[in-house]
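If you want the building blocks of each chain, they are given just below.
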Amino acid sequence: SKNYKCSIINEAGFCFIENVYLDVTTNGIGGDSSASMRVQFPHYPTLLIKSGAIPYFGKDIFALLGGTRQLHVYNSTSIRHLFIPVTNLTEINVQRNGLAEFDVEPVENRELKMLSIAHNGLTSVPRNIRYLVGLEKLYLYNNSLEYFDLEMLANATNSLKILSIYDNRIKTLDSRAALYFPKLQTLSVSKNKLSFVPYFEESFPALTVVSLRKNPWNCGWLSTVMQYIESWKIQVVRKDTTCRDRWISEICCSYTVLDYIFDRQAAQLHRQQQLLRNVSHENQQLVQTVHQLADDLHRLELQLDPQQSRPTGKSASDARNGDSV
């Protein structure tokens, strides 16, 4: 029997627990389905597990937490696998645990508002995260993610306010047209390997804070996006301090073959637009010249008209008199 107690209770009422060692499998603690009868945790709204080892943190462990609403598992508490079931928890914060993978119970979960799995070894995000439909804050920073699909958060588009995935290895941030997050205010994608974010302007209409530094951004894309960011007065936090290639509004970008093609096309488009403006201006001048000639011709006709109507022979009265003689 294990009866864990709070080693510290701070002024905010947070209960700190130390040395939590549980031999957990997917079938229960020690293979015994009566685990909940033998292990007890303190009944506090906020629990912070500071140290220990819980190899499989799943349904059996969550079932022991009773009325806990916020769970924090920090630093020296080792976790190999995390399974998030539907519970009354509103916050789960797991940091520096050596965690390599997690999964979510495929049942709609509206209670969980904040999920933070940071400073761990995640290499992927499970598709079942889409069942966290009430999620407002998602922190997956400082992991080893190489790919992130915004489609996985499609069910939380009307609730998500913060997405923090900085300090990973993300090369592709996938999305699709018409997928937008009307309440997302903070987006942090710094320190990845991104060259662009698809549908940036369309997807995040409520964005107020963005972090972009330390990515190999495409200069053409970055130039367009920075114009949008500056026009909407979106705050860019922690800008680049060094740059090997180009600066755009204190964010570094890489000038690639794509940028060369983009600039060449842009220059060609500019020349075509200038040519059209010149032709249009010449057309206006030609129209004015034609109108001027028409006015001059009209005045000339008016001047010639009296001469054309003047008689050249006898008057009508003379003609009649001559006939009568």
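Here the residue numbering is sequential within each chain, running from 1 through the sequence in written order. Only residues with pLDDT of at least 70 are given local features in this predicted model, and only at 80 or more are side-chain atom pairs given and counted; all residues enter the totals for whole chains, interfaces and linings. Excluding hydrogens and water, the side-chain figures rest on all heavy atoms present in the structure.

- Per an unreviewed UniProt entry, the protein goes by Leucine rich immune protein (Short) and derives from Anopheles maculatus.

Re the layout of surface pockets
Line of reasoning, step 1. Approximately 300 Å³ is the volume attributed to the largest pocket.
Line of reasoning, step 2. Lining the largest pocket are 14 residues; nearest its centre among them are Lys-214, Asn-215, Thr-242, Cys-243 and Cys-252.
Line of reasoning, step 3. Broken down by class, the residue content of the lining of the largest pocket amounts to four nonpolar, four polar and six charged.
Line of reasoning, step 4. There is about 150 Å³ of room inside the second largest pocket. Points on a 1 Å grid over protein atoms alone make up a cavity when a 1.4 Å probe fits among them but cannot get out, and a pocket when they form an open set with protein on both sides within 12 Å along at least five of seven lines; lining residues each have an atom within 4 Å of a point. Grid points are joined across faces, edges and corners, and a volume is the space filled by probe spheres set on the points. Three classes are used: nonpolar for Ala, Val, Leu, Ile, Met, Phe, Trp, Tyr, Cys and Pro, charged for Asp, Glu, Lys and Arg, and polar for all others, with Gly counted as polar.

A closer look at the sheet that holds strand S11 (residues 81-84)
Line of reasoning, step 1. The three strands are arranged S9-S11-S13 in an open sheet whose pairing can be described as parallel. Each edge of the open sheet carries a strand with a single partner, namely strand S9 (56-57) and strand S13 (101-104).
Line of reasoning, step 2. Bridging between S11 and S13 involves four bridges; their strand directions are parallel. Residue pairing for S13: His-81 is matched across the bridge by Glu-101. Here, any two strands with at least 2 DSSP bridges between them count as paired. Strands are runs of DSSP state E lasting at least 2 residues, helices are runs of H or I lasting at least 4, and numbering of each runs from the N terminus.

Considering the pairing of strand S12 (residues 91-95)
Line of reasoning, step 1. Across the five residues of S12, four count as buried, placing the element largely inside the fold.
Line of reasoning, step 2. Sheet topology note: the strand S10 (residues 70-78)/S12 ladder contains four bridges and is parallel. Counterpart to His-72 in the pairing with S12 is Asn-93.
Line of reasoning, step 3. Direction of pairing for S12 relative to strand S14 (residues 114-118): parallel, over a ladder of five bridges. Bridge pairing in S14 links Gln-95 to Ala-118. Between buried and exposed lies partly exposed: a residue is buried under 20% and exposed over 50% of the maximum accessible area for its type, with that area taken using a 1.4 Å probe on protein chains only.

Points about the pattern of salt bridges
Line of reasoning, step 1. Salt bridges are counted wherever a side-chain nitrogen of Lys or Arg sits within 4 Å of a carboxyl oxygen of Asp or Glu. Inspection of every chain in the model, using the stated rule, returns nine salt bridges.
Line of reasoning, step 2. Arg-110 serves as the salt-bridge partner of Glu-108, at 3.0 Å between the closest nitrogen and oxygen.
Line of reasoning, step 3. One salt bridge in this structure joins Lys-191 and Asp-167, with 3.9 Å as the shortest N-O distance. Of this pair, Lys-191 sits in the loop between strand S19 (186-188) and helix H3 (200-203) while Asp-167 is found in the loop between strand S17 (162-164) and strand S18 (172-174), placing the two residues 24 residues apart along the sequence.

Examining the sheet that holds strand S21 (residues 217-218)
Line of reasoning, step 1. Here three strands make up an open sheet; going across it, the order is S21-S24-S23 and the pairing mixed. A strand with exactly one partner marks an edge of an open sheet, and here the two such strands are S21 and strand S23 (246-248).
Line of reasoning, step 2. Examined bridge by bridge, S23 and strand S24 (residues 251-254) share three bridges and lie antiparallel to one another. Paired with Trp-247 across the strands is Cys-252, a residue of S24.

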